[in-house]
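# A structural walkthrough
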Amino acid sequence: MQGISDLEIDNEVGFQLISSDDLDDLGVAEVIRRIKNRVGTSPVYLRPIDPGLAPATGTPESGGWTTRELKRILRGLSGLNFIGVDVVEVSPAYDHVCLLKGI
């Protein structure tokens, strides 16, 4: 997130955000339920992974979900109309400490 304007724009276009704090407070099962209720048969788009778990990304989600949380949520969302899940793009230009070669 670059600032409060990101949240304002997301709200204007109808995005509903689920933060890591929401995930901690509500739990995985409730997050899955809320996503399914919100989405119905509409396309799904996710971009949740913390950059500490996915180095060299151009779209960091600081404090984002862990890979463990994402896997559980994706399993729980089976059957939805997934168009894509932008787990992370790997961009060597952002790999300032050469973490990619360890992946």
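Just above, that's the structure.
Treat the numbers as computed from the prediction; the structure is a model and nothing was measured. (Residues numbered from 1 in each chain as written. Predicted model: local features only at pLDDT ≥ 70, side-chain atom pairs only at ≥ 80, totals over all residues. Heavy atoms only, no water.)

## Some thoughts on a nonpolar patch on the surface
As a reminder, the rule being used: Patch membership requires more than 30% relative accessible area and the absence of a salt bridge. Residues of like charge join within 9 Å; the nonpolar side chains Val, Leu, Ile, Met, Phe, Trp and Tyr join within 5 Å. Calculation of accessible area relied on Shrake-Rupley with a 1.4 Å probe; when residues are assessed, cover is drawn exclusively from the protein chains displayed. Here, a salt bridge means any side-chain nitrogen of Lys or Arg that lies within 4 Å of a carboxyl oxygen of Asp or Glu. Helical segments are the DSSP runs of H or I of at least four residues, strand segments are the runs of E of at least two, and each set is numbered from the N terminus. Type-normalised accessible area, obtained with a 1.4 Å probe on protein chains alone, sets the label of each residue: buried when under 20%, exposed when over 50%, and partly exposed for intermediate values.
Together, Ile-4, Leu-7, Ile-9, Val-13, Phe-15 and Leu-17 line one region of the surface with nonpolar side chains, adding up to about 580 Å² of accessible area. In this fold, Ile-9 is placed in helix H1 (residues 4-12). Residue Ile-9 is classed as partly exposed on the basis of its relative accessible area of 45%.

## Topic: the packing of helix H3 (residues 28-39) against helix H4 (residues 67-76)
Filter applied, for reference: To obtain each axis, a line is fitted to C-alpha atoms, and for helices this fit is confined to the stretch in contact; angles are then taken between N-to-C directions over 0 to 180 degrees. The cut-offs work like this: below 35 degrees is roughly parallel, past 145 is roughly antiparallel, 65 to 115 is roughly perpendicular, and the gaps in between are oblique. When the near helix sits turned anticlockwise from the far one by under a right angle, the crossing is termed left-handed; a clockwise turn instead gives a right-handed crossing. A contact between two residues is defined here by any heavy atoms of the two lying within 4.5 Å. Residue polarity is assigned by list, with Asp, Glu, Lys and Arg as charged and Ala, Val, Leu, Ile, Met, Phe, Trp, Tyr, Cys and Pro as nonpolar; anything else, Gly included, falls into the polar class.
Packing of H3 against H4 brings their axes to within 9 Å, and their N-to-C directions diverge by 45 degrees. In this view, H3 runs oblique relative to H4, as classed from their interaxial angle. In this structure, the crossing between H3 and H4 has a hand that is right-handed. Contact residues: H3 offers Val-28, Val-31, Ile-32, Ile-35 and Lys-36, while H4 offers Arg-72, Ile-73 and Gly-76. For the contact of H3 with H4, the per-class residue count stands at five nonpolar, one polar and two charged.

## Regarding the side chain of Ser-20
By secondary structure assignment, the location of Ser-20 is in helix H2 (residues 20-26). In this structure Ser-20 comes out as buried when scored by relative accessible area, which is 18%. What Ser-20 contacts, discounting residues up to four positions off in sequence, is Gly-63, Gly-64 and Trp-65.

## Comments concerning the nonpolar core
Soluble globular proteins tend to bury their nonpolar side chains together. Applicable threshold: Here the nonpolar core consists of buried residues drawn from Ala, Val, Leu, Ile, Met, Phe, Trp, Tyr and Cys, with membership extended through side-chain atoms lying within 4.5 Å.
Counting residues in each nonpolar core, the largest one holds 12 residues, listed as Leu-23, Val-28, Val-31, Ile-32, Ile-35, Val-39, Val-44, Trp-65, Leu-70, Ile-73, Leu-77 and Leu-80. Elements supplying a minimum of two residues to this core: H3 and H4. No other element matches the five residues that H3 contributes to this core.

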